[in-house]
Each structure stands twice: as structure tokens, then as C-alpha cells.
Amino acid sequence: MITLKTDAEIAKIRICGRLVADTLQMIERHVRPGISTLELNDICHDYTLANAAIPAPLNYKGFPKSICTSINDVICHGIPTDKETLQDGDIINIDITSILDGFHADSSKTFIVGKRATAEAEAITNCARECLYRGIETVRAGSYVGDIGAAIEKHAHKHSFSVVRDFVGHGIGRIFHEEPMIPHYGRRGKGVRLVEGMVFTIEPMINAGSWKSQILDDGWTAVTIDGRLSAQFEHTIAIAADGHVEILTDAG
């Protein structure tokens, strides 16, 4: 069941979305060789609380930390730890979801660490960012979920990358994950029709090799099956009552 949002509810998600965007901007200056993913988590945790919000991932279905930190071959849901430090040339996706005034907003960004990134690391990071915006460009009242996935898949394949199928975007609002689900692959004109009042994430995960994933023994961390790189970008999107499409987690 899809829960449509009023303009007043979208306004509240927008406020939360701006905080999420600010958090990602804030943490970028801390992404450097030698810092641990736990330190990144703690900085984001404290920033969120200081802005009267709650880090949504913390204790969500047992997830133990406040953000997700996914390095190199980790597709998503990497758990911050003091034993994992960033190395020059790594790529890391930092995924932030906050709850403010009862509403969630969700965004992520892949950062290149230091100055020694490989050409493939730069290429997949750029492609994942472009895939997100290719998907967003298709969103309008009357279009289809399949249009989003088709645009993302076409762009990824153009650059010889694959699109993860095991994890998808999702509706969001008072609940962290709700309908509709937003696959990042598909066919134009297929799937759920988009209407005014929908709020959802688009969060393509792009792999250098196979699109397939496996979950590590911690029950959360998803990695590529071939050990190759994965990159992701994410925004929360709204279709307002007048049909206007807005990125609610845009930094502005």
C-alpha cells in the first residue's frame, strides 16, 4: 500500500532532507586516509543529535550504528568499526538517514579518499552519480517506476558497469522503508505508475563486475561476489500536489 503525502508532510520531509544533505556536506571534510569508519559514524551521530534529529539506522532491525559506511567492494550496509580505517585510493559510500519531527529523509554519496584513486574508481563513482540523475530525470506524475530503472540501467551498461538487483529504492515518510519499491533496472512503461504525493528514494548501486551480491556473516554487509568495486548515490524525491518534482535531500 502506497502512502501519499500531503504538501505539509512533504515540507517536513524537506526540512529533514536538508539536515541529511548538510550532514553529508559536513562529513566530507573528515573523509581522509587514516580515519576509522567508527569515527565517521560518531561525528555524524553527534551532528544529528545536535540538530534535534535521530539517526534512523541505529538499532533499526538490529543495525548497530548510526550510518552505513561501504568501502570499495562493499555494496551497501557496511557497519562502522574502529578496526576499519580509510586508505588513500579507497572509495567509500556514506549513507545517512535521519528522523526529524517524525519524518525520515535518506541520502548517500560515494567519496574518493585521498589522491591515489584508480581510473576505474573514478569512473564508477562518476557513473553512479550520473545514474542517479538519469533516473531522477524520468520522474513525473504519470510516468512509471520502470522508466527510472530503464534509464539507470542504460547509462550503467553504456559504461560497461552493472546494476545491483538485490537492493532497491523505496517509499519513505513516517516509515523508513515503505511502498513503492524502486528497482534500478527495468523497462519503460512498466511497474507502478507515479502519482502526485509520492515520496521515495532513488539509490542506484553500480558494480564494476557482476551485479550479484553476497551478505557477510554480520548479517548486514553486502559485498560484490567478485571483489570488484561498487559505488552508490542516493536522493529522496517528492512529487508535489501540483506535479512539481523535487529532490528533498539536495544541498542547494
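None of these values were measured; they are calculated from a predicted model.

1. What about the sheet that holds strand 3 (residues 74–76)?
Then step 1. The strand order across the open sheet formed by three strands is 3-12-11, and the pairing between neighbours is antiparallel. If you trace the sheet from one side to the other, it starts and ends with strand 3 and strand 11 (213–215), each paired once. Each neighbouring strand pair of the sheet contributes to a mean axis angle of 40°, computed without reference to strand direction.
Then step 2. Of the pairings in the sheet, the one linking strand 3 to strand 12 (residues 222–224) comprises two bridges and is antiparallel in character. Directly across from cysteine 76, in strand 12, lies its bridge partner alanine 222.

2. Details of the state of the cysteines
Then step 1. Under the counting rule described, the total for this entry stands at zero disulfides.
Then step 2. Free of any disulfide, cysteine 131 has its nearest neighbouring cysteine sulfur in cysteine 127, separated by 3.9 Å.

3. Some remarks on the sheet that holds strand 10 (residues 205–207)
Then step 1. Read from one edge of the open sheet, three strands run 6-10-13, paired in antiparallel fashion. In this open sheet, the two edge strands, each paired with only one partner strand, are strand 6 (162–163) and strand 13 (230–232).
Then step 2. Seen against the sheet, helix 3 (residues 119–137) touches strand 10 and strand 13 and runs at an angle of roughly 35° to strand 13.

4. Brief notes about the environment of isoleucine 79
Then step 1. Its place among the elements puts isoleucine 79 in the loop between strand 3 and strand 4 (91–100).
Then step 2. A C-alpha to C-alpha distance of 16 Å links isoleucine 79 and serine 230, two positions 151 residues apart in sequence.
Then step 3. The residues touching isoleucine 79, leaving out its near neighbours within four places in the chain, are Thr37, Phe63, Pro64, Lys65, Thr69, Glu84, Asp218, Trp220 and Thr221.

5. A short note on unusual backbone geometry
Then step 1. Of note, the bond from glutamate 179 into proline 180 is cis; its omega dihedral lies within 30 degrees of zero at 5°.
Then step 2. Along the chain, the position of proline 180 falls in strand 8 (residues 178–182).
Then step 3. You will see that alanine 52, though not glycine, has its phi angle at about 65°, which is positive.
Then step 4. Note that alanine 52 resides in the loop between helix 2 (37–50) and strand 1 (54–55).
Then step 5. Non-glycine residue histidine 77 carries a positive phi angle of around 65°.
Then step 6. With respect to the helices and strands, the residue histidine 77 is situated in the loop between strand 3 and strand 4.

6. Quick notes on the pattern of salt bridges
Then step 1. All chains considered together, the criterion is met by nine salt bridges.
Then step 2. The partner of arginine 18 in a salt bridge is aspartate 22, and the shortest N-O contact between them spans 3.0 Å. On the criterion of helical spacing, the pair formed by arginine 18 and aspartate 22 is a turn pair, its members being four residues apart in helix 1 (residues 7–28).
Then step 3. Overall, the relative accessible area of 23% leaves aspartate 22 in the partly exposed class.
Then step 4. Where aspartate 82 meets lysine 83, a salt bridge forms, and the shortest distance between an N and an O atom there is 3.7 Å.

7. Some words on the layout of surface pockets
Then step 1. The computed volume of the largest pocket comes to approximately 380 Å³.
Then step 2. What lines the largest pocket is a set of 21 residues, and nearest its centre among them are Tyr60, His77, His170, Phe176 and His177.
Then step 3. Partitioning the lining of the largest pocket into residue classes produces 11 nonpolar, five polar and five charged.
Then step 4. In this structure, the second largest pocket spans a volume of roughly 250 Å³.
Then step 5. Surrounding the second largest pocket, 16 residues form its lining, Leu24, Lys109, Tyr133, His235 and Ala251 being those nearest its centre.
Then step 6. Secondary structure elements with two or more residues in the lining of the second largest pocket: helix 1, strand 5 (103–112) and helix 3.
Then step 7. Tallying contributions element by element places helix 1 first for the lining of the second largest pocket, with four residues.
Then step 8. Within the lining of the second largest pocket, the residues separate by chemical class into six nonpolar, five polar and five charged.

Rules used in this analysis
- In this numbering scheme, every chain counts its residues from 1 along its sequence in written order.
- In view of the model being predicted, local features appear only for residues whose pLDDT reaches at least 70, and side-chain atom pairs are presented and counted only at 80 or more, with totals across whole chains, interfaces and linings using the full set of residues.
- The side-chain quantities take in all heavy atoms of the structure and omit both hydrogens and water.
- At least two bridges found by DSSP between two strands is the condition for calling them paired.
- Here a helix means four or more residues in a row that DSSP labels H or I, a strand means two or more in a row labelled E, and each is numbered from the N terminus.
- Each axis is a line fitted through C-alpha atoms, taken for helices only over the stretch in contact, and angles between the N-to-C directions span 0 to 180 degrees.
- By definition, disulfides here are pairs of cysteine sulfur atoms that lie within 2.5 Å.
- In what follows, a contact means two residues having at least one pair of non-hydrogen atoms within 4.5 Å.
- Think of a salt bridge as a Lys or Arg side-chain nitrogen and an Asp or Glu carboxyl oxygen that are within 4 Å of each other.
- Partly exposed residues are those whose accessible area sits between 20% and 50% of the maximum for their type, while under 20% is buried and over 50% is exposed, using a 1.4 Å probe and protein chains only.
- Cavities and pockets were defined on a 1 Å grid built from protein atoms only: a cavity is a group of points that admits a 1.4 Å probe but offers it no way out, a pocket is an open group of points flanked by protein on both sides within 12 Å along at least five of seven lines, and a lining residue is one with an atom within 4 Å of any such point.
- Grid points are joined across faces, edges and corners, and a volume is the space filled by probe spheres set on the points.
- Throughout, the ten residues Ala, Val, Leu, Ile, Met, Phe, Trp, Tyr, Cys and Pro are labelled nonpolar, Asp, Glu, Lys and Arg are labelled charged, and all others, Gly among them, are labelled polar.

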